[in-house]
Amino acid sequence: MIRPILIHPDPRLKKVCDPVSGVDDGVRTLMADMLDTMYEAPGIGLAAPQVGVNARVIVMDCAPRKGEDAAEPTPLCLANPEILWASEEVAPYEEGCLSIPDYYAEVSRPEAVRVRWLDETGATCEAEFVGIEAVCVQHEIDHLNGKLFIDMLGPMRRRMITEKMKKLKRERARRAEAAE
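Presented here is a report on the structure given in the accompanying data block. Remember, predicted model here, so these are calculated numbers, not experimental data.

Cut-offs used in this document
Residues numbered from 1 in each chain as written. Predicted model: local features only at pLDDT ≥ 70, side-chain atom pairs only at ≥ 80, totals over all residues. Heavy atoms only, no water. Helix = DSSP H or I, 4+ residues; strand = E, 2+ residues; numbered from the N terminus. Rg over C-alpha atoms; globule rule 2.2 N^0.38 Å. Buried < 20%, exposed > 50% of the residue type's maximum accessible area, 1.4 Å probe, protein only. Contact = heavy atoms within 4.5 Å. Areas by Shrake-Rupley, 256 points an atom, 1.4 Å probe, with all protein chains shown as cover. Polar contact = N/O pair within 3.5 Å; in protein donor to acceptor, adjacent residues only side chain to side chain. Salt bridge = Lys/Arg side-chain N within 4 Å of Asp/Glu carboxyl O. Expected span 1.5 Å × (residues − 1).

## Remarks on the overall build of the protein chain
Then, number 1: Assigned secondary structure in the protein chain consists of three helices and seven strands.
Then, number 2: If you list the helices and strands of the protein chain from N to C, you get α-β-β-β-β-β-β-β-α-α.
Then, number 3: A compact globule built from 180 residues would reach a C-alpha radius of gyration of about 16 Å, and the protein chain, at 16 Å, matches this within 12%.
Then, number 4: Taking the principal axes of its C-alpha atoms as reference, the protein chain extends roughly 45 × 40 × 40 Å.
Then, number 5: The buried share among the 180 residues of the protein chain stands at 42%.
Then, number 6: Long-range pairs, those at least 24 residues apart, make up 64% of the contacts in the protein chain between residues at least 6 apart in sequence.
Then, number 7: Put simply, the protein chain shows about 9,800 Å² of open surface, and 52% of that area lies on carbon and sulfur atoms.

## Focus on the side chain of R3
Then, number 1: Relative to the elements of secondary structure, R3 occurs in the segment before α1 (25-40).
Then, number 2: Within the local environment of R3, its side chain forms a polar contact with the side chain of D33, the two groups lying 2.9 Å apart.

## With respect to the pattern of salt bridges
Then, number 1: Overall, the coordinates contain ten salt bridges when judged by the stated rule.
Then, number 2: One salt bridge in this structure joins R116 and E82, with 3.4 Å as the shortest N-O distance. Placement of R116 in strand β6 (residues 112-118) and of E82 in strand β3 (residues 76-86) is noted, with a sequence separation of 34 residues between them.
Then, number 3: According to the relative accessible area criterion, R116 is partly exposed, its value standing at 32%.
Then, number 4: Take E82: its relative accessible area is 37%, and that puts it in the partly exposed class.
Then, number 5: Between R109 and D142 there is a salt bridge, with its nearest N and O atoms 2.9 Å apart.

## Re the environment of R56
Then, number 1: Within the fold, R56 resides in the loop between β1 (45-47) and β2 (57-60).
Then, number 2: Judged by relative accessible area, which is 13%, R56 ranks as buried.
Then, number 3: The spatial distance from the C-alpha of R56 to the C-alpha of W117 is 10.0 Å, given a sequence separation of 61 residues.
Then, number 4: In this structure, R56 is in contact with V16, C17, D18, P19, V20, L78, A79, N80, P81, L144 and N145, ignoring residues within four places of it in sequence.
Then, number 5: Among the polar contacts listed, one links the side chain of R56 to the backbone oxygen of C17, at a separation of 3.5 Å.

## Focus on helix α2 (residues 132-144)
Then, number 1: Helix length check: α2, at 13 residues, gives a terminal C-alpha distance of 19 Å against a target of 18 Å (1.5 Å per residue), a fit within 8%.
Then, number 2: Among the residues of α2, A134, V135, C136, V137, Q138, H139, E140, I141, D142, H143 and L144 are the ones counted as buried.

If you want it as structure tokens, here you go:
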């Protein structure tokens, strides 16, 4: 099921999420809905707070979807993900966010991280992520900690983007009212 994605500013995006006590049918349904929502958007990652759920759950799929590099989907569902190690080497990457549509900014993050999580079966997994996968998993874990990528930008740029998102939300609300 496709779920609506919250747009910044929304107080639910700034809360630290609660851990899940285990991966049950409810968490698996959330993960499946989040994957559907992420693919529909389209995006490469999505965190539960972005769909209004206060739970430490993220999904991601960084496989190329278009062009000659297109690959089979490689979805990952991560409950209670935690970064165990981060490289000292950092790399800049132009990030975007489904909760901040059409805005991108260069953010520097560790270029590799080791993460532990529970998968959709409840099994404990651990893997090292590099490149775009490292960027994505760190970005989504930030969401679980109430942090957006624009929090790493200067205050003026952050304010400008926030004002544009407020305007976008007002426009969407007006269109929804007009459609009723």
